[in-house]
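Inside the fold
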Amino acid sequence: MERWLALELASTIRHDGDGGVADDLATVEGTTHWIHEQRDLLAHQIPAGELVADENLRLGIIELRQAVRALFARAVSPAPPSPADAHRLMTADQAMAHLNTAAARELVAPQIDWPAGGAPTARLTSVENDPYVRLVAALARAAIDFLSGPQCTRLRSCTAPRCVRYFVKSHGRQEWCKPSCGNRARAARHYRRQRTPVDGGSAPS
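Figured I'd write up the structure that's included with this text. (Residues numbered from 1 in each chain as written. Predicted model: local features only at pLDDT ≥ 70, side-chain atom pairs only at ≥ 80, totals over all residues. Heavy atoms only, no water.)

**Focus: the nonpolar core**
What counts, and what does not: Nonpolar cores are built from buried Ala, Val, Leu, Ile, Met, Phe, Trp, Tyr and Cys residues. Side-chain atoms within 4.5 Å join them into one set. For the exposure calls, accessible area comes from a 1.4 Å probe over protein chains only, and a residue counts as buried if that area is under 20% of its type's maximum, exposed if over 50%, partly exposed in between. Numbering of helices and strands runs from the N terminus, with a helix taken as a DSSP run of H or I at least four residues long and a strand as a DSSP run of E at least two residues long.
Counting 40 residues, the largest nonpolar core has Ile35, Ile61, Leu64, Phe72, Leu99, Leu135 and Leu155 as its most contacted members. Elements with a contribution of two residues or more to this core: helix H1 (5-10), helix H2 (28-37), helix H3 (55-76), helix H4 (92-104), helix H5 (131-147) and strand S6 (166-168). Of all hydrophobic cores here, the second largest spans six residues; its members include Cys158, Phe167, Cys177 and Cys181.

**Some words on the environment of Leu41**
Just so we agree on the cut-off: Note on definitions: a residue-residue contact is assigned when non-hydrogen atoms from the two residues lie within 4.5 Å.
Note on placement: Leu41 falls in the loop between H2 and H3. On the basis of relative accessibility, which here comes to 26%, the residue Leu41 falls in the partly exposed class. Leave out the neighbours within four places in its chain, and Leu41 touches Arg3, Trp4, Leu5 and Glu8.

**Regarding the pattern of salt bridges**
For the record, the criterion: Should a side-chain nitrogen of Lys or Arg be within 4 Å of a carboxyl oxygen of Asp or Glu, the pair is scored as a salt bridge.
Applying the stated criterion across every chain, the model contains nine salt bridges. Arg65 is the partner of Asp23 in a salt bridge, and the nearest nitrogen-oxygen pair spans 2.7 Å. Note that Asp23 is positioned in strand S2 (residues 21-23) and Arg65 in helix H3, a separation of 42 residues in sequence. Judged by its relative accessible area of 6%, Arg65 falls in the buried class. In this structure, the salt-bridge partner of Arg58 is Glu55, at a minimum N-O distance of 2.8 Å. Taken together, the positions of Arg58 and Glu55, both in helix H3 and three residues apart, correspond to about one turn of that helix. The exposure class of Glu55 is partly exposed, given its relative accessible area of 36%. Among the ionic contacts, a cluster of salt bridges with common partners joins Arg3, Glu8 and Asp40.

**Focus: the side chain of Gln151**
Mapped onto the secondary structure, Gln151 falls in the loop between H5 and strand S5 (155-157). The contact partners of Gln151, leaving out residues within four places of it in the chain, are Trp4, Asp145, Phe146 and Val168.

**Let's talk about the packing of H3 against H4**
Under the convention used in this document: Simply put, an axis is a line fit to the C-alpha atoms, just over the touching stretch for a helix, and the angle between two N-to-C directions goes from 0 to 180 degrees. Roughly parallel means an angle under 35 degrees; roughly antiparallel, over 145; roughly perpendicular, 65 to 115; everything else is oblique. For a crossing to be left-handed, the near helix must be turned anticlockwise from the far one by less than a right angle; the clockwise case is right-handed. Three classes are used: nonpolar for Ala, Val, Leu, Ile, Met, Phe, Trp, Tyr, Cys and Pro, charged for Asp, Glu, Lys and Arg, and polar for all others, with Gly counted as polar.
Two numbers describe how H3 lies on H4: the axes approach to 9 Å, and their chain directions differ by 130°. By the criterion of interaxial angle, the relationship of H3 to H4 is oblique. Regarding H3 and H4, the two cross each other, and that crossing is left-handed. Taken together, the residues of H4 that come into contact with H3 (itself represented by Glu63, Leu64, Ala67, Val68, Ala70, Leu71 and Arg74) are Ala92, Ala95, Met96, His98, Leu99 and Ala102. Looking at side-chain class alone, the contact of H3 with H4 contains 10 nonpolar, one polar and two charged residues.

**Let's talk about H4**
What counts, and what does not: A helix is expected to span 1.5 Å multiplied by its residue count minus one. This arc is built from the directions going out from the helix axis to the C-beta atoms.
Spanning 13 residues, H4 covers 18 Å between terminal C-alpha atoms, matching the ideal 18 Å at 1.5 Å per step. If you check which residues of H4 are buried, you get Ala95, Leu99, Ala102 and Ala103. Down the axis of H4, the smallest arc covering the buried residues is 100°, so these residues share one side. With respect to the buried face of H4, the exposed residues turned more than 90 degrees away are Asp93, Thr101 and Ala104. Tucked inside the fold, the buried residues of H4 contact H3 and H5.

By themselves, these are just geometric observations and shouldn't be taken as functional.
And the structure:
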C-alpha cells in the first residue's frame, strides 16, 4: 500500500480503540518513535532513524500537523472534516503560511554529478546543518507535494463511528479508511434501521 508522509503526519491523531482519541505525538518519546517509523519515507532527505526528539521539535511537528489537518479539512469540503479537531482548525491562510514558512527554513542548492563516460545529472542538496530544521522542512515539503498532487482529489475523511482518520480513496466504491471501519459503519446503520419506527409503530425494545 502506498504511503504519504503528509497522511502519516495527519494520522498521528487517531481513534484509541476505546472510544477516545489518541495522539502519537503527545510525548517526546512518542514523537521519536513516530520519526523512526517514517525513516523509509525520509531516507533521501534525512537520517530519521538516528534522530531523537526534544520538546521544541515535538511542538514544531505538532504545529505543522495542525496546518496539514486544516488543509485536509479544506480539501475534503463540502464533506465534513475529521471530528477530532473540526472545532479548532486554523484558517486555510494561516495553514498555508505555516507550511510555506517551514518549508523555506531549509536552504538547498543544486549540485551536479558527471561520472566519467556518463551523462551529467543534477540533484538538490541541503546546506542546513540542523537536523531538526531539516526534518520539519521535509515534512512541510511533503505536505505541499501531497496537497498539490493528484492524490489530494481522492482525500477523504472516514465517516465510520469514532474514526478520526483521513485516507486516500483507492477505488471508486471505497467509503472508509479500512475494512474494520466499514464493518463498524454497517453495524451502526443496521442498528439505526432496527431502532427506526416503521409505519408509525414503535421502535423495538
